Amino acid sequence: MIARKLLFVIPLFALSLFFFPPFTFFSDPSVTFNSSLLERPEIWSIRRLAEWRPCKWWLQPHLNVLPAHTNGYIRVDCYGGLNQMRRDLCDGVGIARLLNATLVLPKFEVAAYWNESSGFEDVFDVDYFIQQMKGFVKVVKDLPIEIASKDPVRVDCSKRKGQFDYVESVLPSLLKHGYISITPAMSQRRDRYPLYAKAALCQGCYSALRLTSTLEKKAVELLQAIPKPFLSLHLRFEPDMVAYSQCEYSGLSLASAKAIEAARVDRKPWTGETARIWRNRGKCPLTPNETAFILKALAIPANTTIYLAAGDGLMELEGLTSVYTSVVTKSSLLSGEDFTTMHGNTKAALDYYVSINSDSYMATYFGNMDKMVAAMRAFKGLYKTIFLNRKAFSLLTSQGLKGKELTEALWKVHRDDFIMGRGSALPDCFCEFNL
């Protein structure tokens with residue numbers, strides 16, 4: 001659909017460049033946050049009307065009775081960053097139960113891009129995982145001798161999303177070969193799973209995964225080092241993130257502009273009217289400066305301790321730290337660690353652990369980590385969670401709002417999101433409660 005729309009707007013590019021120049025790096029020096037924001041309550045003080053809570057329906061006895069015989073063995077091959085792999089594993093657990101298969105410990109694919117070579121057992125407690133999945137799906141460390149010498153048969157699941165997709169297309173391969181590997185497609189239709197498969201997924205995702213003792217010890221040390229109370233902020237403004245978004249910003253430093261250009265490769269930025277439409281759909285990452293502006297609009301005090309849950313290479317960070325001066329990071333708190341050689345999964349696990357245990361959590365994006373963190377925080381009964389609304393920010397600024405008008409409008413948008421608990425959890429494993 002997007003491609004069809006582009007066919008109409010591309011001929012207009014040359015003309016539209018005159019009317020829609022590249023997005024100007026957000027800055028509104030006329031805005032002060034003195035009297036108006038002091039009168040506004042902090043966003044967390046607003047009474048909520050609805051929350052997603054863990055009703056744990058999946059623990060009903062009749063849902064976790066396994067058949068006597070298995071149809072074969074499934075290994076889930078997980079790709080990407082830690083939280084993307086965790087999402088794949090959650091879905092893989094549900095699929096294994098759906099097909100009455102025995103789950104082999106998942107394979108975390110080596111990813112040079114993430115400085116990554118660690119496996120599932122390097123991040124998560126294997127014995128705990130197996131124990132917690134008893135009655136939901138059988139998990140094994142080792143394969144039977146007659147299968148162990150063979151590689152699994154790879155089954156393409158890129159278009160398999162619902163119960164009948166797997167039963168009709170994947171189950172025959174499982175029965176024929178006895179040992180297969182899969183990578184679940186994105187956007188699974190979990191609503192189409194039978195309850196027993198949903199139950200296995202929910203148990204695997206929220207109750208069966210905990211860090212190894214070594215990694216959890218490091219995570220606890222990091223958590224204890226952060227001054228309390230604190231806000232965990234997942235900020236995404238790295239060169240690859242901006243390049244992938246195909247958004248363009250003017251007013252960035254020369255170093256940032258060069259880093260983004262080097263990361264673009266063949267993903268050229270949208271221009272003209274298409275760029276405006278793309279940005280107003282909320283597709284462009286918030287800059288640190290924009291993030292600070294929204295935080296102030298939400299009456300987050302300037303002296304708030306902020307833990308920066310972020311990857312390497314954040315750009316324009318002074319846009320945040322010039323307003324919020326108590327910003328801490330993994331490297332500033334664990335000075336004895338060499339983060340340049342630390343595996344990407346290890347760093348992501350530390351950020352995840354801190355974020356699910358923080359007093360409050362905000363994210364400038366709605367990626368895999370944010371979805372997992374928000375759901376786990378709801379599972380733990382922590383509801384001070386907000387996803388900053390990129391779409392609203394872009395629409396409001398494109399309408400010419402600034403100063404007090406802009407802060408008031410941003411406050412109302414995020415207040416409404418927070419009141420209704422939008423995006424706070426995955427509904428497959430939670431129940432909605434009206435307060």
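Up top you'll find the structure we're talking about.
Residues numbered from 1 in each chain as written. Predicted model: local features only at pLDDT ≥ 70, side-chain atom pairs only at ≥ 80, totals over all residues. Heavy atoms only, no water.

Colleague: Would you mind showing me how to read the overall build of the protein here?
Modeller: Across its full length, the protein carries 21 helices and 14 strands. A total of 435 residues make up the protein; the buried ones form 53% of that total. Across the protein, contacts joining residues at least 24 apart in sequence account for 81% of those joining residues at least 6 apart. Taken as a whole, the protein presents about 20500 Å² of accessible surface, with 55% of it coming from carbon and sulfur. (Helix = DSSP H or I, 4+ residues; strand = E, 2+ residues; numbered from the N terminus. Buried < 20%, exposed > 50% of the residue type's maximum accessible area, 1.4 Å probe, protein only. Contact = heavy atoms within 4.5 Å. Areas by Shrake-Rupley, 256 points an atom, 1.4 Å probe, with all protein chains shown as cover.)

Colleague: Quick question: what am I supposed to make of the environment of Lys404 here?
Modeller: On the secondary structure map, Lys404 appears in helix α21 (residues 403-419). It is 9.0 Å that separates the C-alpha atoms of Lys404 and Ala297, two residues lying 107 residues apart in sequence.

Colleague: Quick question: what am I supposed to make of the packing of aromatic side chains here?
Modeller: Two descriptors summarise a pair of aromatic rings, namely the distance from one centre to the other and the angle between the planes of the rings. Evaluated as defined, the whole model comprises 11 aromatic pairs. Note on Phe120 and Phe124: the rings are 5.4 Å apart at their centroids and 40 degrees apart in plane angle, and the pair reads as tilted. The two residues Phe120 and Phe124 agree in class, both being buried. Relative to Phe129, the ring of Phe120 has its centre 5.5 Å away and its plane inclined at 65 degrees; by these criteria the two rings are edge-to-face. Here Phe120 falls in the buried class, since its relative accessible area comes to 0%. Residue Phe129 is classed as buried on the basis of its relative accessible area, which comes to 0%. One aromatic cluster in this structure is built from Trp57, Trp58, Tyr206, Phe379 and Phe430. Of note, Arg48 hangs over the ring of Phe418, and the distance from its end group to the ring centre comes to 4.5 Å. Of note, Arg53 hangs over the ring of Phe433, and the distance from its end group to the ring centre comes to 5.2 Å. (Phe/Tyr/Trp six-rings, centres within 6.5 Å; stacked < 30°, edge-to-face > 60°. Lys NZ or Arg CZ within 6 Å of the ring centre and 35° of its normal.)

Colleague: What am I meant to see in the side chain of Arg390 here?
Modeller: Relative to the helices and strands, Arg390 is located in helix α20 (residues 390-398). The buried charged residue Arg390 lacks any salt bridge partner; its closest oppositely charged side chain belongs to Asp370, at an N-O distance of 7.2 Å. Residues contacting Arg390, with those up to four places away along its chain left out, are Gly282, Cys284, Pro285, Leu286, Thr364, Tyr365 and Phe366. (Lys, Arg positive; Asp, Glu negative; His and termini not counted. Salt bridge = Lys/Arg side-chain N within 4 Å of Asp/Glu carboxyl O.)

Colleague: How do you make sense of the sheet that holds strand β10 (residues 305-308) when you look at a structure like this?
Modeller: What links the strands of a sheet is backbone hydrogen bonding, and the strands pair in either a parallel or an antiparallel sense. The five strands lie next to each other as β11-β10-β8-β12-β13, forming an open sheet whose pairing is parallel. The open sheet terminates on both sides in strands that have one partner only, identified here as β11 (327-328) and β13 (385-387). Alignment of strand β12 (residues 360-363) against β13, held across three bridges, turns out to be parallel. When the bridges of β13 are listed, Met362 appears paired with Ile386. Packed on one face of the sheet, helix α18 (residues 344-356) meets β8 (230-234), β10 and β12 and runs near 150 degrees to β10. (Pairing = 2+ DSSP bridges. Axes fitted to C-alpha atoms, helices over the stretch in contact; angles between N-to-C directions.)

Colleague: Even after reading the chapter, I still don't get the pairing of strand β7 (residues 179-182), so can you show me in this structure?
Modeller: Regular strands place side chains that alternate from one sheet face to the opposite one. Burial of β7 is two-sided: the residues Tyr179 and Ser181 facing one way and the residues Ile180 and Ile182 facing the other way are all buried. Strand direction decides the pairing type here: strand β3 (residues 73-78) and β7, joined by four bridges, are parallel. The residue bridging Arg75 from the neighbouring strand is Ser181, located in β7.

Colleague: I'm lost on the pattern of salt bridges in this one. Help?
Modeller: Scanning the entire structure with this criterion turns up 15 salt bridges. For Glu238, the salt bridge goes to Arg236, with nearest N and O atoms at 3.1 Å. Taken together, the shared-partner salt bridges connect Arg48, Glu51 and Arg53 into one network.

Colleague: What should I look at first to understand the packing of α20 against α21 in this one?
Modeller: Helix-helix packing is described using two parameters, namely the angle between the two axes and the distance between the axes. Running from N to C, α20 and α21 cross one another at 150 degrees; their axes reach a closest spacing of 10 Å. Taken as axis vectors, α20 and α21 run roughly antiparallel relative to one another. In the crossing of α20 with α21, the sense of the turn from one axis to the other is right-handed. Each of Ala392, Phe393, Leu396 and Thr397 in α20 lies in contact with α21, whose residues at this interface are Leu406, Ala409, Leu410 and Val413. Tallied by class, residues from the contact of α20 with α21 come to seven nonpolar, one polar and no charged. (Parallel < 35°, antiparallel > 145°, perpendicular 65-115°, else oblique. Left-handed = near helix turned anticlockwise from the far one by under 90°. Nonpolar A, V, L, I, M, F, W, Y, C, P; charged D, E, K, R; others polar.)

Colleague: Quick question: what am I supposed to make of the pairing of β8 here?
Modeller: In terms of burial, β8 is largely enclosed, as five of its five residues are buried. Bridge count between β8 and β12: four bridges; the pairing is parallel. Its bridge partner being in β12, Leu231 is matched across the sheet by Ser360.

Colleague: What's the story with the packing of α18 against helix α19 (residues 368-379) in this structure? I'm lost.
Modeller: Closest axis-to-axis distance for the α18/α19 pair is 9 Å, and the angle between their directions is 35 degrees. Pair α18 / α19 crosses with right-handed handedness. For the pair formed by α18 and α19, the contact residues are Asp351, Tyr352, Ser355 and Ile356 on the first element and Met369, Met372, Val373, Met376 and Arg377 on the second. Taken together, the residues that form the contact of α18 with α19 break down as six nonpolar, one polar and two charged.

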